[in-house]
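Listed below, chain by chain, are the residues.
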Amino acid sequence: MLDIVVCVSGGGTNLQAIIDKIANGQIKNARIVGVISNNYGVKSLERAKNAQIEAKVVSPKDFDDREAFNEALLSTVKAFNPGLVVLAGFLVNIPAAFVKEYSGRIINIHPSLIPSFCGKGFYGLKVHEAVLQRGVKVTGATAHFVDDGTDTGPIIFQKAVYVEQGDTPQALQLRVMEQAEWEILPKAIDCFANGKLKIVDGRVIVSE
Ligand code: GRF
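Just so it is clear, the model here is predicted, and its values are computed rather than measured. What you see as residue numbers is a count from 1 along each chain, following the sequence as written. In keeping with the model being predicted, local features are shown solely for residues with a pLDDT of at least 70 and side-chain atom pairs are shown and tallied solely at 80 or more, while totals for entire chains, interfaces and linings include all residues. In computing side-chain properties, one takes all heavy atoms of the structure into account and sets aside hydrogens as well as water.

A. Focus on the overall build of the protein. For the protein, the count of helices and strands is six helices and nine strands. Its C-alpha atoms give the protein principal-axis dimensions of roughly 45 × 45 × 35 Å. Taking all 208 residues of the protein together, 47% fall into the buried category. The contact criterion used throughout is that any non-hydrogen atoms of two residues lie within 4.5 Å. Of all intrachain contacts in the protein linking residues separated by at least 6 positions in sequence, the fraction that spans at least 24 positions is 62%. Every helix listed is a DSSP run of H or I at least four residues long, and every strand listed is a run of E at least two residues long, numbered separately from the N terminus. The buried label goes to any residue with under 20% of its type's maximum accessible area, the exposed label to any with over 50%, and the partly exposed label to all in between, with areas taken from a 1.4 Å probe on protein chains only.

Next comes the structure, spelled out in structure tokens:
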């Protein structure tokens, strides 16, 4: 059984997708043992409570400096002793010590087709605003392992989503979540939990 910690910042729709797919058996041999938010009072925390999952808040506001926050974040994760850390809408730069501690065991969901519209400054709605600004016709989402860069780790799954005429950033974000994120992140977790992912020369091989 793979123990998972899910890190969140806001609405938690990706967290909810994971909760639901563990419940309906689409994610096998895995359970969420903890949810960690960097914000108080967000819907993610309600979702964890409703699913009887232990939730902790580690907020930068509660620490004198970034180093203290980073240490508290890592120690809070470690206390759950997870086999996998999932970043689901987690808008925090993961510290190097965290990446090192969980190397090869951190999965992130990014709301674009990496390497487009990713890296510093590309998160949440900003991604979709840039997509619409550039006028691309296809966007999507990427589930990837986290390395010491920003959105640069080995790609596990991607799914394309069409941009539609008249899309607002909000409408596009919802479509990308519904059609891509909520599908490929749970799929990546299931594959990891059942030993189907291998990294060869920096690229992910998925076995059936
Ligand atoms: C989504 O756009 C997700 O791709 C990004 O954060 C946003 C909110 O995700 N990583 P959630 O609803 O909190 O899961």
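Having seen the model, we can carry on.
B. Structural detail: the environment of threonine 152. Tracing the chain through its elements places threonine 152 in the loop between strand S6 (138-145) and strand S7 (155-162). For threonine 152, a relative accessible area of 48% translates into the label partly exposed. Each C-alpha atom of the pair threonine 152 and isoleucine 114 lies 8.2 Å from the other, and the pair is 38 residues apart in sequence. Excluding residues that lie within four positions of it along the chain, threonine 152 makes contacts with His144 and Asp147.

C. Here's a closer look at the packing of aromatic side chains. Ring pairs shown here join Phe, Tyr and Trp side chains whose ring centres sit within 6.5 Å, with only the six-membered ring taken for Trp; geometry is labelled stacked below 30 degrees between planes, edge-to-face above 60, and tilted in between. Enumeration over the complete set of coordinates arrives at four aromatic pairs. Its guanidinium or amino end placed over the ring of phenylalanine 157, lysine 187 lies 4.3 Å from that ring's centre, counting from NZ or CZ. Put simply, a charge is over a ring when the Lys NZ or the Arg CZ is close to the ring centre, within 6 Å, and near the line of the ring normal, within 35 degrees.

D. Representation of the environment of isoleucine 109 in the model. Mapped onto the fold, isoleucine 109 is located in strand S5 (residues 106-110). When its relative accessible area of 7% is taken as the criterion, isoleucine 109 is described as buried. Sequence separation between isoleucine 109 and alanine 88 is 21 residues, and the spatial gap between their C-alpha atoms is 6.1 Å. Not counting residues within four places of it along the chain, the set of residues in contact with isoleucine 109 comprises Asn14, Leu87, Ala88, Gly89, Ala141, Thr142, Ala143, Glu181, Ile184 and Leu185.

E. A look at the pattern of salt bridges. Here, a salt bridge means any Lys or Arg side-chain nitrogen found within 4 Å of an Asp or Glu carboxyl oxygen. According to the stated counting rule, one finds seven salt bridges in the structure shown. Lysine 78 is the partner of glutamate 101 in a salt bridge, and the nearest nitrogen-oxygen pair spans 3.7 Å. Pair noted here: glutamate 101 is in helix H4 (residues 96-101) and lysine 78 is in helix H3 (residues 66-80), with a separation of 23 residues, a long-range link. With a relative accessible area of 42%, lysine 78 lands in the partly exposed category. In this structure, arginine 175 and glutamate 164 form a salt bridge, with 3.3 Å as the shortest nitrogen-oxygen distance. You can see arginine 175 sitting in helix H6 (residues 169-193) and its partner glutamate 164 sitting in the loop between S7 and H6, a full 11 residues away along the chain. Classification of arginine 175 by relative accessible area gives buried; the value is 11%. According to the relative accessible area criterion, glutamate 164 is partly exposed, its value standing at 45%. Taken together, the shared-partner salt bridges connect Glu164, Asp167 and Arg175 into one network.

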